[in-house]
Amino acid sequence: MPPPPVLPKPKFQCPVRISAGNLMDEEETMTNITRGRSTVISKYHRNIDKSVTKASSDGSPPQRLVCTQSSSQDSGWHVWSGWWSEEVKGHAEFGEQETDAEHLPARSESSSSSSDRALQHHEDETQDSVLNEETQNMEKDEDKQEQIKELKLYKIANELLQTERAYVTRLHLLDQVFCAKLTEEAGKGTFPVEVVKGIFSNVGSIYTFHSQFLLPDLETRMSQWASTPRIGDILAQLAPFLRMYAEYVKNFDSAMDLLKQWTERSVQFNAIIQDIQSQEACGNLTLQHHMLEPVQRVPRYEMLLKDYLKKLPEDDPDCSQAEKSLNIISMAATHSNMAIRKMENLKKLMEIYEMLGGEEDIVNPSNELIKEGQILKLAARNTSSMERYLFLFNNMLLYCVPKFSLVGQRFTVRTRVGVEGMKVLETSNEDYPHTFQVSGKERTLELQASSEQDKEDWIKAFKETIEIFQQKNETFKSASKEVADEVSVVCYKCSDYKASLRYDGNKLNKVCKDCYFILTGRADAEEPVSGKKRGILEIEAAQVSGNSFLCGFLQYSTDRTKPCQRVWCVIPQHDALVLYLYGAPQDVKAQCTIPLLGYQVEDVQRSVDHPPTSFRLCQSKSVHCFTADTEEVKLRWLKVIRKAVIGEIPECQTPVDDNLANGCHEGVPDGS
């Protein structure tokens, strides 16, 4: 048989990377590519090449090639065929580069058929082998994934244990070292014991809970993890006690202020803190840093528990307990955050109270500041504009005039506009841009903002405040309609009944007789004495016994040069952070109110100007002087006020004489 009509090119000129797949016809090549078996076929043909490219004993060319050589010297075929076989053996991938079909020798039908059958058989065996291997790998992977999940759950539980150990060490440092050393020094009279209590709050209770309950339970559980791999049940049982953190968080800012103040005021106080901070146990960290850890601990529990639940299978027995504990811990975190926001709001209200020169009813927990800022008021007929200042609360707008004073009162309230019935409109004025109108039952105000963005911000704040107020109002009205046929109706001014309304921040509001009994759960026998416009003490005393934390007569003065005035003082339970001063227990309206939060309480020593039963409330340049009738009465007032000034709820005090027995604490046991 003559050699091929087209001789192959020399080895160094041949197309590179020719694979064994090129030996198959085009149809078979495309079919196998479609099937995705190119790798298997390439491996098969490499094995075929190794066997068929070996030269025979007489030096004839490989038998796999169909064409035979008549003269190796004339055609150079042995060189080409040997090179071809070597090239086939050197490539593993199928179909990497196409070769012109004209340059390839044709295959015989018998050789092709035999090759196809062998190839198909090899492919089937290879496919079965691959499937079996993949199945085994999948089974191994499932077991491995299960082991990984169990390991992750253990790591989370172990992280909780390790961080709890470190946390208890920090609590020990706060309670048993810092607090104990400062309390010991305060017992010598160097500085007041109340300062130490005000700084460390209830950290002792927190330390006891973690060191004697939570940590021991976690230690026991982790030692039994192989038989009891769960932590949800422990946290579900103990998580409710985390609510005690709300008190600590609420007191944190006040504690930081007290710490800073007494570090600067008392040398002994500062020396003790510096000595402890220099010890190795402190880790070169300040007391303030260590006191921040309880604030951050509850959110840490919440984060770890959420991660634990993600890794926990849905059908795991611990799933329900873990979810229950997460709900409790999330609620505790919410309580802490709410306490923080409440304290921040009260501090802001107190600042506004001072800026307004003691404006009535500002420091009230139900009041929430929404927005404040400078504004221009357009005069009548839009002939000029005047500088004003607005305080927008959730229930009212204070329209104020600046006083341009560097100290003390900065604004005077010109008008109060209630949010109920309020409307806000965008207006257009060629001479005065960025204008809008606020109208209410009391007054209509034409206002000008400093910019278009400022105007949009004010309008948005007004609209959102009005919408929220209306939603709360509609909720109350819809609830009232359900019992409209069964209850009596009375106007606000005529009602002698008061009850805390949840939608109004639990503020005490006047309600009708039927609503009063429903909301308070009282019987008709406890009905208050009828009468109109009674003072707060008279109404409260008739409604419920023990309605105030402490009440009684004190001598009061704001100036040493002026004589003291005998006033009736009350710290009511519904407003525990405010001291009300009346001329007498039967007065309709208090002479003044003192927001106690943030004041410094000074126990005045005996002097020419003050008797030994005197004490003072000081804040900035504001000073209020009080004198009790006896030392015992003074101590009772100091006990209540010292808690109120740091934001804590005081304990009810029992009356000590007839002056305190006007219904305020009737039936209250001592020390309750």
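Please refer to the structure higher up on the page.
Bear in mind that the values here come from a model prediction, so they are computed numbers and not experimental data.

S.K.: How would you sum up the packing of aromatic side chains? Please name residues and give values.
M.R.: Any aromatic ring pair is given by two values, namely how distant the centres are and how the planes are angled relative to each other. Following the criterion strictly, the structure yields 11 aromatic pairs and no others. Each ring, one from Phe391 and one from Phe411, has its centre 5.9 Å from the other, and the planes form 80°; the classification is edge-to-face. Note that Phe391 is positioned in strand β2 (residues 385–393) and Phe411 in strand β4 (residues 411–418), a separation of 20 residues in sequence. Ring geometry for Phe553 and Trp568: centres 4.9 Å apart, planes at 75°, overall edge-to-face. Of this pair, Phe553 sits in strand β10 (residues 548–557) while Trp568 sits in strand β11 (residues 565–572); the two residues are 15 residues apart in sequence, bridging distant segments of the chain. Taking relative accessible area as the criterion, Phe553 reaches 17% and is therefore assigned buried. Here the aromatic cluster, defined as three or more aromatic residues joined through ring pairs, consists of Tyr389, Phe391 and Phe411. Arg265 extends its terminal NZ or CZ atom over the ring of Trp262, reaching a point 4.6 Å from the ring centre.

S.K.: An account of the pattern of salt bridges is needed here, citing residue identities and associated values.
M.R.: Per the stated rule, a full pass over the model turns up 20 salt bridges. For Arg297, the salt bridge identified is with Glu164, shortest N-O distance 2.9 Å. Of this pair, Arg297 sits in helix α11 (residues 287–311) while Glu164 sits in helix α5 (residues 109–186), placing them 133 residues apart in sequence. The buried category is assigned to Arg297, whose relative accessible area is 6%. Here Arg642 makes a salt bridge to Glu194, at a shortest N to O gap of 3.3 Å. A residue pair is termed long-range when its members are at least 10 positions apart, and Arg642 in helix α16 (residues 631–644) and Glu194 in helix α6 (residues 193–200) qualify at 448 residues. The partly exposed category is assigned to Glu194, whose relative accessible area is 36%. By sharing partners, the salt bridges in this structure join Lys348, Glu351 and Glu372 into a single network.

S.K.: I'd love a proper account of the pairing of β2, names of residues and values included.
M.R.: Sheet topology places strand β1 (residues 369–378) next to β2; 9 bridges connect them, and they run antiparallel. Bridge pairing in β2 places Lys371 opposite Leu392. Bridge count between β2 and strand β3 (residues 396–402): 4 bridges; the pairing is antiparallel. Each bridged residue has a counterpart across the sheet, and for Tyr389 the counterpart in β3 is Cys400. Where β2 folds back onto β3 in an antiparallel hairpin, the turn is made up of 2 residues.

S.K.: Outline the environment of Ala239, supporting the account with residue identities and numerical values.
M.R.: Tracing the chain through its elements places Ala239 in the loop between α8 (232–238) and α9 (245–265). For the pair formed by Ala239 and Met331, sequence separation is 92 residues and the distance between their alpha carbons is 9.8 Å. What Ala239 contacts, discounting residues up to four positions off in sequence, is Ser325, Ile328 and Ile329.

S.K.: Give me the lowdown on the sheet that holds strand β7 (residues 444–448), citing residues and values where you can.
M.R.: Through backbone hydrogen bonds, the strands of a sheet pair up, either in parallel or in antiparallel fashion. In space, the 7 strands of this open sheet follow the order β4-β3-β2-β1-β7-β6-β5, with antiparallel pairing throughout. Two strands in the sheet have a free side with no partner beyond their single neighbour: β4 and β5 (423–426). For this sheet, the mean inter-axis angle between neighbouring strands, taken without regard to orientation, is 35°. Note: β3 against β4, 7 bridges, orientation antiparallel. Bridge pairing in β4 links Pro402 to Phe411.

S.K.: Could you give an account of the sheet that holds β11, with specific residues and numbers?
M.R.: Spatial ordering of the open sheet is given by β13-β12-β11-β10-β16-β15-β14, a layout of 7 strands whose pairing is antiparallel. In this open sheet, the two edge strands, each paired with only one partner strand, are β13 (592–595) and β14 (600–603). The mean inter-strand angle of the sheet, taken between neighbouring strand axes irrespective of direction, is 35°. Pairing between strand β12 (residues 578–582) and β13: 4 bridges, direction antiparallel. In the sheet register, Leu579 faces β13, and the bridge partner there is Ile594.

S.K.: Any details on the environment of Gln321? Residues and values, ideally.
M.R.: Tracing the chain through its elements places Gln321 in helix α12 (residues 319–355). For the pair Gln321 and Ile234, spaced 87 residues apart in the sequence, the C-alpha separation amounts to 8.5 Å. Beyond its immediate chain neighbours, meaning those up to four positions away, Gln321 contacts Gly232, Asp233 and Ala236.

Cut-offs and rules
- The numbering scheme is per chain: residues are counted from 1 as the chain's sequence reads.
- Side-chain atom pairs in this predicted model are given and counted only at pLDDT of 80 or more, local residue features only at pLDDT of at least 70, and totals for whole chains, interfaces and linings cover all residues.
- Excluded from the side-chain calculation are hydrogens and water; included are all heavy atoms of the structure.
- Only Phe, Tyr and Trp rings take part, Trp by its six-membered ring, and two of them pair if their centres are within 6.5 Å. Stacked means planes under 30 degrees apart, edge-to-face means over 60, and tilted covers everything else.
- Put simply, DSSP marks the helices as runs of H or I at least four residues long and the strands as runs of E at least two long, and each gets a number from the N terminus on.
- Three labels apply to residues, based on accessible area from a 1.4 Å probe with only protein chains included: buried if under 20% of the type maximum, exposed if over 50%, partly exposed otherwise in between.
- Here, over-ring charges are defined by two tests on the NZ atom of lysine or the CZ atom of arginine: distance to the ring centre within 6 Å, and angle to the ring normal within 35 degrees.
- Throughout this description, the term salt bridge denotes a Lys or Arg side-chain nitrogen within 4 Å of a carboxyl oxygen of Asp or Glu.
- By this definition, two strands are paired if DSSP reports at least two bridges between them.
- Contacts: residue pairs with any heavy atoms within 4.5 Å of one another.
- Note on definitions: angles span 0 to 180 degrees between N-to-C directions of axes, and those axes are lines fitted to C-alpha atoms, for helices only across the stretch in contact.

Geometric values such as these leave the question of function open.
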